[in-house]
Each structure stands twice: as C-alpha cells, then as structure tokens.
Amino acid sequence: MTIVIDDVAKVFDAGDEDVVAINGVSLAIAKHEFVALVGPSGCGKSTLLRLVVGLVKPSRGRVAIDGAPVVDPRADTGIVFQAPTLLPWATILDNVLFPMKLMGRMDARALKQARALLRLTGLEGFEKRYPRELSGGMQQRAGICRALVHDPEILLMDEPFGALDALTREEMTLELLRIWSERPKTILFVTHSIPEAVILADRVVVMSPRPGRIAEIVDVPLPRPRSFAQEADPVFQDRTQHIRTLIFGRDRLAA
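Residues numbered from 1 in each chain as written. Predicted model: local features only at pLDDT ≥ 70, side-chain atom pairs only at ≥ 80, totals over all residues. Heavy atoms only, no water.

Within the protein, the secondary structure is distributed over eight helices and 10 strands. Taking 2.2 N^0.38 as the reference for a compact globule, 255 residues should give roughly 18 Å; the C-alpha atoms of the protein span a radius of gyration of 19 Å, in line with that estimate. In terms of overall dimensions, the protein has a C-alpha envelope of 55 × 45 × 35 Å along the principal axes. Looking at the protein as a whole, 49% of its 255 residues qualify as buried. Roughly 11900 Å² of accessible area belongs to the protein as shown, and the carbon and sulfur atoms make up 53% of that amount. (Helix = DSSP H or I, 4+ residues; strand = E, 2+ residues; numbered from the N terminus. Rg over C-alpha atoms; globule rule 2.2 N^0.38 Å. Buried < 20%, exposed > 50% of the residue type's maximum accessible area, 1.4 Å probe, protein only. Areas by Shrake-Rupley, 256 points an atom, 1.4 Å probe, with all protein chains shown as cover.)

The next subject is the packing of helix H4 (residues 136-148) against helix H5 (residues 166-182). How two helices sit against one another is set out by the angle between their axes and by the gap between those axes. Contact geometry of H4 with H5 gives a least axis separation of 10 Å together with a crossing angle of 25 degrees. Looking at the two axes, H4 sits roughly parallel to H5. You can see that H4 and H5 cross each other, and the crossing is right-handed. Here H4 contributes Gly137, Gln140, Arg141, Ile144 and Leu148 to the contact with H5, which in turn contributes Thr168, Glu171, Met172 and Ile179. Taken together, the residues of the contact of H4 with H5 sort by class into four nonpolar, three polar and two charged. (Axes fitted to C-alpha atoms, helices over the stretch in contact; angles between N-to-C directions. Parallel < 35°, antiparallel > 145°, perpendicular 65-115°, else oblique. Left-handed = near helix turned anticlockwise from the far one by under 90°. Contact = heavy atoms within 4.5 Å. Nonpolar A, V, L, I, M, F, W, Y, C, P; charged D, E, K, R; others polar.)

This paragraph deals with the pairing of strand S10 (residues 214-219). Bridge count for strand S9 (residues 203-207) against S10 is five bridges, and the pairing is antiparallel. Within S10, the position partnered with Val205 by the bridge is Ile217. The hairpin turn running from S9 into S10, its antiparallel successor, is six residues long. (Pairing = 2+ DSSP bridges.)

Time to look at the packing of helix H2 (residues 92-102) against H4. The contact between H2 and H4 brings their axes to 7 Å, and the two run at 30 degrees. In terms of crossing hand, the pair formed by H2 and H4 is right-handed. Side by side, H2 and H4 meet where Ile92, Asn95, Val96 and Pro99 of the first sit next to Ala142, Cys145 and Arg146 of the second. Class assignment for the residues of the contact of H2 with H4 results in five nonpolar, one polar and one charged.

This paragraph deals with the nonpolar core. Residues Val204 and Ile243 are the most contacted members of the largest nonpolar core, which totals 49 residues. Excluding anything up to four places from it in sequence, Val204 contacts Ala36, Val38, Ala197, Val198, Glu216, Ile217, Val218, Val220 and Ile243. (Core = buried A, V, L, I, M, F, W, Y, C linked by side-chain atoms within 4.5 Å.)

What follows is about the sheet that holds strand S4 (residues 60-65). Spatial ordering of the open sheet is given by S2-S1-S4-S5, a layout of four strands whose pairing is antiparallel. Sheet topology places strand S2 (18-29) and strand S5 (68-69) at the edges, where each strand pairs with a single neighbour. Along the sheet, helix H1 (residues 45-53) contacts strand S1 (3-13), S2 and S4; its crossing angle with S1, the most-contacted strand, is approximately 115 degrees.

Every buried residue belonging to H2 is among Ile92, Leu93, Asn95, Val96, Leu97, Pro99 and Met100, and all of these are buried. Where H2 is buried, its residues meet helix H3 (108-120) and H4. In the stretch just after H2, Gly104 is the one whose phi turns positive, near 70 degrees.

As for its placement among the helices and strands, Thr77 is situated in strand S6 (residues 77-80). C-alpha separation for the pair Thr77 and Lys185, spaced 108 residues apart in sequence, amounts to 9.8 Å. Once residues within four sequence positions are removed from consideration, Thr77 is found in contact with Val53, Ile65, His150, Pro152, Ile154 and Leu156. Here the side chain of Thr77 touches Asp76 through a polar contact of 3.3 Å, side chain to side chain. (Polar contact = N/O pair within 3.5 Å; in protein donor to acceptor, adjacent residues only side chain to side chain.)

Written out as structure tokens, the structure reads:
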C-alpha cells in the first residue's frame, strides 16, 4: 500500500501559545518501501508517525493510504512503539493474539499465524512465558509479532529499539530486515540512530528542527540483503556523514 503525506501541518494547543510540531511536510512512500525518519529531538518525527496511523489529525493538509484519507486507525496498519507495552498478566502467545481478539478474528488461522511469527522471530518455546520472564529484546520481538499478527500492509515503528542495549539493538535491526524480506511491508521507521536508518532504509527522510520540515530525502543505494559489515562501504559512510551534516551542521561537526 502507498502512503501520501500532502502539505501536512500539525499545531498543538499548549495553553498560552500554540506549538507548531510540523509544517509543510509532503512525502510519498511506495508499496513495500522502507523509509526511515531521522532528525533532532522535538522535530516532529513521532507526530508525523501518529498522523499516518490516524491517532492524531492534521491541522492542515492530507494523509492518505492508497488514495483514502486517514481519519482513524486502520486495520491494515500495525504500529510498534519504543516500549513493547505487553500485557504483564498475559502470556507471550496471548499478547501476540491480543489484536485478533479485539478484531473478533480469533480462530485456528490466527493461532497458526501467531505461532509462525513467534517461530520466525526466535520465540518458539516461549509461548507460555510472561513478559517479565523475557529479556528486553525478546519482549520487543513479541511486540513486533503482535503488530504483524493481523498481517497489515503497513508497519509504523516509533524508535522500537531505542531502549535496548547496543548489541541487542543491532540484533533486532538485522531481525527486522529479515522479517521484512520474508514478509514485505510498507515501513515507516522513526529513529535517532543515523547508522540504523542507513542500514535499514531505501530512503532516509531528514527532518529540520521544530517546526519540523523535510530538510532532504537521502537515497540509500546499498545492495540487499544488508548487514553491519556494510558500515565499511564508502556509500554507507558517505550517506551517514551527509545526514549528520544536515542535522548538526558542518561547523559543529568540525569543532
């Protein structure tokens, strides 16, 4: 499915004065494309993601999926947040199946899909465990399974690996690439990590400081499948350095 963001602005009422989170953002994301959003804190990355998922409405402009305006959360969209937000009293399998229960789609096919996702993400054998019994990385994998269990066409991810240690974060980055290659989705991925964005994405959208605008869209022509060994590739180094310059400025990087 395609996502079109057309001249979107979002203004929040902050009491004494309005806060313009994003302004004049236009972006088109093709079917099964992997797009990463990076930029300084407070630039509106998460706001843009919430506009696409339908959790908030634009103050101006239009967000559409396959030509249909986004007015509410859609069944064909999955979302993963920084914290896995698993239900502590439910088993991992029940957590993964939770969206199917909400949609009234609990049947043998749903159970088969949940078990297949757990197997795909290395969680087979942990179905009856509770979130407290799993590591942070394993909990995040369960959160990704939950977002994928209803087989959405679009996956929106808001800094899903931000709370993980460096090694687990790299492991989850490669895991996501593997899942995406086996079950293609249109992905919009918010991150503060420039290397993570370049390894993952077809294109990296660089946001300006608030009010957030698109400073530049950077293509990433690295071959797939990808790995962190490509950090030595001149293309990887060129793209990461260019994005850092866009965000921090040449003078600051040289200081």
